[in-house]
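The residues making up each chain are set out below.
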Amino acid sequence: MESKRDSGTAMFLMEIIAVVCFFILCAGVCILAFVKANHLSRLAKDVNYASLAAESVAEVWKAQDMEGLERQFFMSMEGETGVICWDNQWNPVEDEKTADFSAQIDLAGDGSVEEARIRIRRLQDGTELFELSARKIRCP
């Protein structure tokens, strides 16, 4: 007489391993989706604040010229280019070492019209967040 005891534990163990692998795969996909969503959310926030900062810089430049930028945003000059720095809360800072964001302001003028090109980038990775061109008419 042969007695064969087949309790089915091997098959059950294989099913459990397959289910665990499936859940690990799903968790990996969900984690990647959350990381990507966090990155996009951070980029959207930074672009939004950069656009507001560029508009503020342009308005101060139109109303008070370069002196206003130096006074309100601690702008420094590097040749013909102005540089403004902000910390991670978008507060102007004087030192570029403590800055998280910076703006480069290039000025050009022909005759009675001046133009400022304002480019804001994140210093951590060099991503350009926003660019704005503004024009003003020189008063005689």
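Quick summary incoming for the structure in this document. (Residues numbered from 1 in each chain as written. Predicted model: local features only at pLDDT ≥ 70, side-chain atom pairs only at ≥ 80, totals over all residues. Heavy atoms only, no water.)

## Side note on the overall build of the chain
Link 1 in the chain: Secondary structure summary: the chain contains one helix and six strands in total.
Link 2 in the chain: Across the chain, helices and strands are ordered from the amino to the carboxyl terminus as α-β-β-β-β-β-β.
Link 3 in the chain: Here the chain has a C-alpha radius of gyration of 28 Å; the compact-globule value for 140 residues is 14 Å, and the former is much larger.
Link 4 in the chain: For the chain, with 140 residues in total, the buried portion stands at 26%.
Link 5 in the chain: Looking at the chain alone, contacts between residues at least 24 apart form 34% of all its contacts between residues at least 6 apart.
Link 6 in the chain: With an accessible surface of roughly 10100 Å², the chain has 58% of that area assigned to carbon and sulfur atoms. (Helix = DSSP H or I, 4+ residues; strand = E, 2+ residues; numbered from the N terminus. Rg over C-alpha atoms; globule rule 2.2 N^0.38 Å. Buried < 20%, exposed > 50% of the residue type's maximum accessible area, 1.4 Å probe, protein only. Contact = heavy atoms within 4.5 Å. Areas by Shrake-Rupley, 256 points an atom, 1.4 Å probe, with all protein chains shown as cover.)

## Side note on the pattern of salt bridges
Link 1 in the chain: If you walk through the whole model with that rule in mind, you get seven salt bridges.
Link 2 in the chain: A salt bridge links K136 to D65, with the nearest nitrogen and oxygen atoms 2.8 Å apart. Residue K136 is located in strand β6 (residues 128–137), and its partner D65 is located in helix α1 (residues 9–73); the two are separated by 71 residues in the primary sequence.
Link 3 in the chain: Among the salt bridges present, the one from R122 reaches D125, with a minimum N-O distance of 3.1 Å.
Link 4 in the chain: Of the residues examined, R122 reaches a relative accessible area of 3% and is grouped as buried.
Link 5 in the chain: One connected set of salt bridges, linked through shared partners, spans D46, R122 and D125. (Salt bridge = Lys/Arg side-chain N within 4 Å of Asp/Glu carboxyl O.)

## Examining the side chain of E114
Link 1 in the chain: Along the chain, E114 turns up in strand β5 (residues 113–122).
Link 2 in the chain: Since its relative accessible area comes to 18%, E114 is described here as buried.
Link 3 in the chain: Excluding residues within four positions of it along the chain, E114 makes contact with W61, D65, A108, G109, A134, R135, K136 and R138.

## Here's the deal with the nonpolar core
Link 1 in the chain: Residues V57, L69, I84, W86, I118 and I120 are the most contacted members of the largest nonpolar core, which totals 22 residues.
Link 2 in the chain: For this core, the secondary structure elements donating two or more residues are α1, β2 (81–86), β4 (101–110), β5 and β6.
Link 3 in the chain: With ten residues, the top contributor of residues to this core is α1. (Core = buried A, V, L, I, M, F, W, Y, C linked by side-chain atoms within 4.5 Å.)

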